[in-house]
Amino acid sequence: MDKDGDQTPRPNQTGHEQDASLGPNTPPGRRGSTEPPSSARNRRSGLAAIAGLAAVTIALAAAIIITSGEPTATITTLPDTPHASASEPIVAPQEINAQSLAELPHATTFTTISAAPQDPAPSARTSGRIIHPTATIAVYAQPGGPPIAALPAQQTFGELRTETKVPVITEEPGWAQVLLPSRPNGSTGWVSLDDPAVSVERSKHRLVVDRARFTLTLFEQDRHIGVWTVGIGKPGAITPVGRTFILSSILDTSPKAFSRVVLPLGSHSDTYSSYGGGPGTVGIHSWPTPAVFGRASSDGCIRVPADALDVISRTVPLGSLVEIT
């Protein structure tokens, strides 16, 4: 154990940070909190253990969702997307019936989409556009290609849910390539913009985590909103690099909460298959002691000062890009 209560990580074992996905995700317009210290993880209340996954039982009933203050993205309309010319027709998606859609693996933090294409440019900026499905939609390997997954309208954690919002990384006429919240890290898929269940939003905000400098920077478009010194994953359990996104916001009101708000990301630990029984989802959260900041101190999550977490959780909408370098 070091002074923060973390054990030295060992490959292929369960991590000691509470998995971001164990707690309830918050519905749109709400806020809620994911990694306790190792010494507290078996005492923590307020986060739900998912049946069949949990190695540690955590009380779901103690989780509380607040109903105000959640940042929202700007709704945009489809004229903002590329258009096909007369010589460039829109590729039609392969037809899929309800039964076939239901049989596809759902793109969530709990699943692996082995057929998903990898992010073609993991260090590139995006337009800030976000896809929010209002019903379960098909995700394709490429425009006109075979369906590989189903993207549900909500991400479900026990009895609590949050709206699914994923960032657009590439667009073609009638299509958008999005980041998925599933393993492996960098999983992507294509969705048809002609699907009536596809809603398009935009976020003006993004986060940049510079692991070499131990900093997290919040941008509103190209304007700096704030820069903070943070803790990152230790050698052997590094914070995964590449672009990901804010998947949810979870609130823990337990008296011994290590972080009142935790922001699960759309990426997972490359070292651990699980944090506290969940699928090893990486998160952004605060920490009770300041000694963890400015060094590699976590099992993969990004530990930030409480004031940084407060600003980010009130400002940055779900689906917003997080760049980890």
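All of these numbers come straight from a predicted model, not from anything done at the bench.

Visitor: Where do I start with the overall build of the protein in this structure?
Guide: Looking only at helices and strands, one finds 2 helices and 23 strands in the protein. Sorting the 325 residues of the protein into buried and exposed places 56% on the buried side. Accessible surface for the protein amounts to roughly 12,900 Å². Of this, 52% is attributable to carbon and sulfur atoms.

Visitor: Help me understand helix α2 (residues 306-315) in this model?
Guide: Because an α-helix packs 3.6 residues into every turn, residues spaced three or four apart end up facing the same way. Within α2 the residues assigned to the buried category are A308, L309, I312 and S313. In an axial view of α2, the angular spread of the buried residues amounts to 120°, which keeps them on one side of the axis. Along its buried surface, α2 packs onto β12 (205-210), β13 (215-220), β14 (223-229), β18 (261-268) and β20 (281-285).

Visitor: Could you clarify how one ought to interpret the packing of aromatic side chains in this entry?
Guide: Counted by the stated rule, this structure contains 3 aromatic pairs. The residue whose ring lies beneath R206 is F219, and the NZ or CZ to ring-centre distance is 4.2 Å. Directly above the aromatic system of W287 lies the positively charged group of R303, at a separation of 3.6 Å from the ring centroid.

Visitor: Is there a simple way to think about the pattern of salt bridges in this case?
Guide: Applying the stated criterion across every chain yields a total of 10 salt bridges. K165 is the salt-bridge partner of E163, the closest N and O atoms lying 3.9 Å from each other. A relative accessible area of 12% places K165 in the buried class. Close ionic contact of R213 with D210 constitutes a salt bridge, the shortest N to O distance being 3.9 Å. By sharing partners, the salt bridges in this structure join E163, K165 and E201 into a single network.

Visitor: Quick question: what am I supposed to make of the pairing of β20 here?
Guide: Successive side chains on a regular strand alternate, one facing one side of the sheet and the next facing the other. Among the 5 residues that make up β20, 5 are buried, leaving the element largely enclosed by the rest of the structure. Both faces of β20 are covered, namely the face carrying T281, G283 and H285 and the face carrying V282 and I284. Sheet topology note: the β20/strand β22 (residues 302-303) ladder contains 2 bridges and is parallel. By the bridge assignment, H285 is partnered in β22 with R303.

Visitor: How should I be thinking about unusual backbone geometry in this particular structure?
Guide: With the exception of glycine, the majority of residues adopt a negative phi angle, and the majority of peptide bonds are in the trans configuration. The step from R183 to P184 runs through a cis peptide bond, and the omega angle for that step is -10°. Examined against the element boundaries, P184 turns out to sit in the loop between β9 (175-179) and β10 (188-192). Phi is positive for Q221, which is not a glycine, with a value near 55°. Among the structural elements, Q221 can be located in the loop between β13 and β14.

Visitor: Help me understand the sheet that holds strand β17 (residues 250-251), please; the structure alone is not making it clear to me.
Guide: Picture the strands of a sheet paired through backbone hydrogen bonds; they go either parallel or antiparallel. Read from one edge of the open sheet, 4 strands run β17-β18-β20-β22, paired in mixed fashion. Either end of the sheet is taken by a strand with one partner, and the two such strands are β17 and β22. Here 2 bridges tie β17 to β18, and the two strands are oriented antiparallel to one another. For I250, the partnering residue across the bridge sits in β18 and is V262. The sheet strands contacting α2 are β18 and β20, and the helix crosses β18 at an angle near 75°.

Visitor: Could you clarify how one ought to interpret the pairing of β18 in this entry?
Guide: Among the 8 residues that make up β18, 8 are buried, leaving the element largely enclosed by the rest of the structure. When β18 meets β20, the two strands line up antiparallel, connected through 4 bridges. Paired with V262 across the two strands is H285, which belongs to β20.

Visitor: Would you explain the sheet that holds β14 in this entry?
Guide: The strand order across the open sheet built from 5 strands is β14-β13-β12-β23-β16, with neighbouring strands paired in mixed fashion. What marks the edges here is a single partner per strand, and that holds for β14 and β16 (242-245). Across this sheet, the average inter-strand angle for adjacent strands is 20°, counted without regard to direction. Pairing geometry for β12 and strand β23 (residues 321-324), over 4 bridges, is parallel. Residue pairing in the sheet places L207 in a bridge with V322 of β23.

Visitor: So what exactly am I meant to see when it comes to the environment of G300 here?
Guide: Tracing the backbone shows G300 in the loop between β21 (296-298) and β22. When the C-alpha atoms of G300 and G236 are compared, they prove to be 9.2 Å apart, with 64 residues separating the residues in sequence.

Visitor: Can you walk me through the environment of D252 in this structure?
Guide: By the secondary structure assignment, D252 is in the loop between β17 and β18. When the C-alpha positions of D252 and V262 are compared, they lie 8.1 Å apart, and in sequence the two are 10 residues distant.

Visitor: Hey, could you run me through the side chain of T215 in this one?
Guide: Looking at the element boundaries, T215 is found in strand β13. Apart from residues lying up to four places away in sequence, T215 is in contact with V208, V209, D210, V227, W228 and V230.

Visitor: When you look at the nonpolar core in this model, what are you seeing that I'm missing?
Guide: Grouped burial of nonpolar side chains is what soluble globular proteins tend to show. Counting 25 residues, the largest nonpolar core has I131, V139, I148, L151, V178, L180 and V191 as its most contacted members. Where this core is concerned, the elements lending two or more residues are β4 (137-140), β5 (147-151), β8 (166-172), β9 and β11 (198-202). If sequence neighbours within four positions are ignored, I148 has contacts with L104, P105, I113, A115, A116, P117, V139, Y140, A141 and T188. The next biggest cluster of nonpolar side chains, apart from the first, holds 23 residues, and it includes L207, I246, I284 and I324.

Rules used in this analysis
- Residues numbered from 1 in each chain as written.
- Predicted model: local features only at pLDDT ≥ 70, side-chain atom pairs only at ≥ 80, totals over all residues.
- Heavy atoms only, no water.
- Helix = DSSP H or I, 4+ residues; strand = E, 2+ residues; numbered from the N terminus.
- Buried < 20%, exposed > 50% of the residue type's maximum accessible area, 1.4 Å probe, protein only.
- Areas by Shrake-Rupley, 256 points an atom, 1.4 Å probe, with all protein chains shown as cover.
- Arc of directions from axis to C-beta.
- Contact = heavy atoms within 4.5 Å.
- Phe/Tyr/Trp six-rings, centres within 6.5 Å; stacked < 30°, edge-to-face > 60°.
- Lys NZ or Arg CZ within 6 Å of the ring centre and 35° of its normal.
- Salt bridge = Lys/Arg side-chain N within 4 Å of Asp/Glu carboxyl O.
- Pairing = 2+ DSSP bridges.
- Axes fitted to C-alpha atoms, helices over the stretch in contact; angles between N-to-C directions.
- Core = buried A, V, L, I, M, F, W, Y, C linked by side-chain atoms within 4.5 Å.

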